[in-house]
Structures are given as C-alpha cells and as structure tokens.
There are 2 protein chains.
Amino acid sequence: MGEIERIAEEVIRRLGASRPTPAPTATRTTATATIPVSVSARHIHVSRGVLDRLYGEGFKLTPLTDLGQPGEFASGQTVTLVGQSMRAIEHVRVLGPVRTYTQVEISGTDAVRLGIEPPIRRSGDLAGSEPITLVGPVGTVRLSEGTIRAMRHIHMTERDAQIHRVKNEDLVRIRFSGPAALVLENVLIRVSKSALLELHLDTDNANAADVRPPMTVEILHS
Amino acid sequence: MGEIERIAEEVIRRLGASRPTPAPTATRTTATATIPVSVSARHIHVSRGVLDRLYGEGFKLTPLTDLGQPGEFASGQTVTLVGQSMRAIEHVRVLGPVRTYTQVEISGTDAVRLGIEPPIRRSGDLAGSEPITLVGPVGTVRLSEGTIRAMRHIHMTERDAQIHRVKNEDLVRIRFSGPAALVLENVLIRVSKSALLELHLDTDNANAADVRPPMTVEILHS
C-alpha cells in the first residue's frame, strides 16, 4: 500500500471516530446527564469561492459519512495544507456543506508539523488567525488567515443546557478518568436549536486524555 | 527540501524543545517551588544488542545535544518505526547512552498513525507492551514488546521532593493556565540522586495544554 493510500486510510479511520454512535440520536430527544465525546481529526470547511478554485467552478462535495451535527458530513474530497517553509500535510478532509467562510482546523501537533502557530479559537472567529496555503486538484488558494486550533466545545440544545445546568457561552470543566486522567477547562458551551449533544475535542486533547469513543462524560459543577 | 530532510529538521526542532533552559542548572543545586517543563518528542532507547543489529556491531552513538537528565543525550542516529499494517514513522531519534533494554516512547497521535495501541507506562515497565519493528541502516529488529506511551512524570532529587512536599512514586496533579487550561492528574514523582528537576510530557499532553517551553509549573496540593 502506498503512502497516499495509507494516509487516506488513516484520515477515514480518524473521521470514523467522529461519527456518532447509535446512542446520540436518542440523546437528542431525551437528553441525559452524560455527554457523548467526539474526536475531530484535522479538517477544513470551505466557502463556495474557495471550493471553486480548489476543485473547479460549481464543484459539488460528495458526502462520504454523516457527522454528528445535523446536515454536516465528511466529503470524499481532501486538500493538501502547506504551511511555513513549504511543509505540508496531505489528505486533509473537506467537510460539508459549503460555508460562508473557509476555516482550517488542526491540532497543535499538526501545527508543529506545518511550522505554524494557529491560535485557539471558536469556530468562525478567524480574524488574525494563521495564514495557510490550500492545494486542490484544480487550483491553489493562499489564505491570509483562517487556520485555528478549535477551542474545546460542547454542542447542545436549550433543553440539554437546562439538564446540564449551563447556558450558552459558559466555560465549563470536564474530567476524564483512567491512567491519563485530566480535567479540561475552558470548554465552551454552544447552544443551538438543532444541535446534537456532543463534546468536540481535537486529537491532541483526545489522545492526552486517552479517549476511546464511544464514551460519555459529565460536566464538573464543583 | 526533500521529505526526509523536512522530517529530520522537525525531529531536531522538537528535540530542541526538550533541551534544558539555562535556569534548570541553577535549580539543581538551589531547588525552587517551580518545576521546568520538558516536552519529549517520540524517541527510542536502545540496548547494546539492538544497536548492534540496527547500526552494526559495536556502533557508538554520536551525541548531538545534551538532554536535561545528566548523561542523557539525543544522538545523531535515528530509526524508522513500523507498526501494524506496515505503517511507518521515519527519523525517530535514538537517545543515548545505551541502556539494558530497548524502549520506544511515542505519543497517542503517533500510535494512531502507526495503527498500534501502546499502554501508558513508566519507563522500563515493558512487560506486555506493544510490539514494533525497528529499521536501521544495517538491519531490522522485530520487538515483541517495548513500545509505550510514557506516563507523565517529574524527575527530582530528595531535596526537591522535600521542597515540593512529595515523595517517590507519589501521583500528583499539575495545572496549566491559559486558553488551553487543564489539570493533568497521575503525574508520577520519580526521585533519584542525580535527577534534574523536570516535568516530562509527551507531545499530545504538551500540545493539549498549549505548553511553550521554557516554562515552569507547580504541583497542586489542594
């Protein structure tokens, strides 16, 4: 198996860890006191304009697997990220659907590999974030900003927020047990109408805590 | 710059993060209440027999940079790690001096990349740990065990232990502040006569906490 197939397989395998387990669907209507954990491998959200330049005018992303949040999917498309000193990471998954902005989400480990220092930000907060170059099969886009390390966050509905005794924009703490036990602070609560209850962690956070999905956690209240 | 040069550069850069800053030397004789943090990138310790097979009979490791712990050094030698399904990580630094056992220390992120599941262990505790294949310029060694994710630990002397109100084998907690704030639990205290006071974290833990050496931390006592 060649290098490219190997990386592609890894990306798909990691994305697999992001897929919801059967339980969350039930959680959505009958919220419980535990929160499913989802691990997000490096990925990119694209605008219509950027997708046009990378994959061709009017290109339509092909859904590969549904993700936890309603409507979101991992597409069959990938890009190569190129950072400072032309250091690259290949086969970075494009998520759909197309958004109004382009955003690259990588881990701190990825950032070291690319030689860049993206800030820890919430989704969409891209002003002054790291530049990056995206390479697609048709063209290349040089972004002056848009690369972040996603802030730890929990998607939930208003009903979930009531049950978990939190509100939108709260920063909460989550404890993981076991040999790699740790307490994550500054976990952002993101309340939205159609959210699927899910804690999103990047691969550094997940691996530091030795997270093995499917698993659930609780918010620390003391 | 080719792929190999790029990876070599990265490894050297990461190892750079493991070098002691000027401060710790002073810390060694006049222990203080803060503990320097050192980030350990993936690396390997080799036995005489394994080094013979990888690099040739009687091969002598060439010191490249001194590491924090007295006598330890990053050598000019590297190996390629090959895990399940023949997935590989190239240019993994060999540390010296030669030990009585061979031990491969990687992060959880590295483990995912290699398709293996090494346990979280303290150094030298290798029974039943993950198998791996090592490839050197002269030969290849297939280890039936020896790959671990190093348990978070703090090297210190008896004098440091008194100052920090801990004892050998204690498990303590360390808090990191900032946007990626977290509390690491199960941090093992390792007391030895010639230790340099230093918290050792793998790259997943360091990146999850957004550690930027040089920096110091304190043990949580409440």
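Analysis parameters
- Residues numbered from 1 in each chain as written.
- Chains lettered and ligands numbered in written order.
- Predicted model: local features only at pLDDT ≥ 70, side-chain atom pairs only at ≥ 80, totals over all residues.
- Heavy atoms only, no water.
- Phe/Tyr/Trp six-rings, centres within 6.5 Å; stacked < 30°, edge-to-face > 60°.
- Buried < 20%, exposed > 50% of the residue type's maximum accessible area, 1.4 Å probe, protein only.
- Helix = DSSP H or I, 4+ residues; strand = E, 2+ residues; numbered from the N terminus.
- Contact = heavy atoms within 4.5 Å.
- Domains from an automatic or database assignment.
- Buried area = accessible area lost by both parts, 1.4 Å probe.
- Salt bridge = Lys/Arg side-chain N within 4 Å of Asp/Glu carboxyl O.
- Polar contact = N/O pair within 3.5 Å; in protein donor to acceptor, adjacent residues only side chain to side chain.
- Nonpolar A, V, L, I, M, F, W, Y, C, P; charged D, E, K, R; others polar.
- Pairing = 2+ DSSP bridges.
- Least-squares fit on C-alpha atoms with pLDDT ≥ 70 in both.

1. What about the packing of aromatic side chains?
All names here are of chain A.
- The tally for this structure, following the rule as stated, stands at two aromatic pairs over all chains.
- The interplanar angle of 40° and the centroid separation of 4.8 Å between the aromatic rings of Tyr55 and Phe59 together place this pair among those described as tilted.
- For Tyr55, a relative accessible area of 16% translates into the label buried.

2. Regarding helix 3 (residues 48-55) of chain B
Residues and elements named next belong to chain B.
- Considered for burial, the residues of helix 3 that qualify are Val50, Leu51, Asp52, Leu54 and Tyr55.
- Tucked into the core, helix 3 has its buried residues touching strand 2 (43-47), strand 4 (73-82), strand 5 (88-99), strand 8 (130-135) and strand 9 (140-150).
- With its phi angle positive at about 110°, Gly56 sits one or two positions after the end of helix 3.

3. Structural notes on the domain arrangement of chain A
Residues and elements named next belong to chain A.
- Considered domain by domain, chain A is made up of domain 1 (3-18 + 41-149) and domain 2 (153-220).
- Relative to domain 2, the C-alpha centre of domain 1 lies at a distance of 23 Å.
- On the side of domain 2, 13 residues touch domain 1, which itself brings 11 residues to the contact.
- Considering only the surface of domain 1 that becomes buried against domain 2, Gln69, Ser107 and Arg122 emerge as the three largest contributors, covering 48% of it.
- There are one salt bridge connecting domain 1 and domain 2.
- With a closest N to O distance of 2.5 Å, Glu169 and Arg122 form a salt bridge.
- Between the two partners, domain 1 and domain 2, sit five residue pairs in polar contact (both at pLDDT 80 or more).

4. Observations regarding the interface of chain B and chain A
- Facing 32 residues of chain B, the contacting portion of chain A comprises 32 residues.
- Of the roughly 3100 Å² buried between chain B and chain A, counting both surfaces, carbon and sulfur atoms make up 41%.
- Remark: the boundary between chain B and chain A carries six salt bridges.
- Among the ionic pairs, Asp210 of chain A bridges to Arg149 of chain B, the shortest N-O distance being 2.8 Å.
- The tally of links from chain B across to chain A stands at 23 residue pairs in polar contact (both at pLDDT 80 or more).
- Those elements that place two or more of their residues in the side of chain B that touches chain A are helix 1 (3-16), helix 4 (108-114), strand 12 (182-191) and helix 6 (203-208) of chain B.
- Residue composition of the side of chain B that touches chain A, grouped by class: 10 nonpolar, eight polar and 14 charged.
- Here strand 12 (residues 182-191) of chain A runs beside strand 12 of chain B; their pairing, made up of three bridges, is antiparallel.

5. Some words on the relation of the copies chain B and chain A
- Take chain B, turn it by 180°, move it 0.0 Å along the axis, and it overlays chain A with an RMSD of 0.0 Å. Taken together, these values place the two copies in the relation of a two-fold axis.
- The fraction of interface residues of chain B whose copies in chain A are also interface residues reaches 100%, indicating that both copies meet through the same surface.

6. Observations concerning unusual backbone geometry
- Note the cis peptide between Gly96 of chain A and Pro97 of chain A, where omega equals 0°.
- Looking at the element boundaries, Pro97 of chain A is found in strand 5 (residues 88-99).
- Here the bond from Pro213 of chain B into Pro214 of chain B is cis, since omega is 0°, no more than 30 degrees from zero.
- Considering the arrangement of structural elements, one finds Pro214 of chain B in the loop between helix 6 and strand 14 (216-217).
- One non-glycine residue, Ser85 of chain A, adopts positive backbone phi at about 55°.
- Relative to the helices and strands, Ser85 of chain A is located in the loop between strand 4 (73-82) and strand 5.
- With a relative accessible area of 49%, Ser85 of chain A lands in the partly exposed category.
- A positive phi angle, near 55°, is found at Asn186 of chain B, a position not held by glycine.

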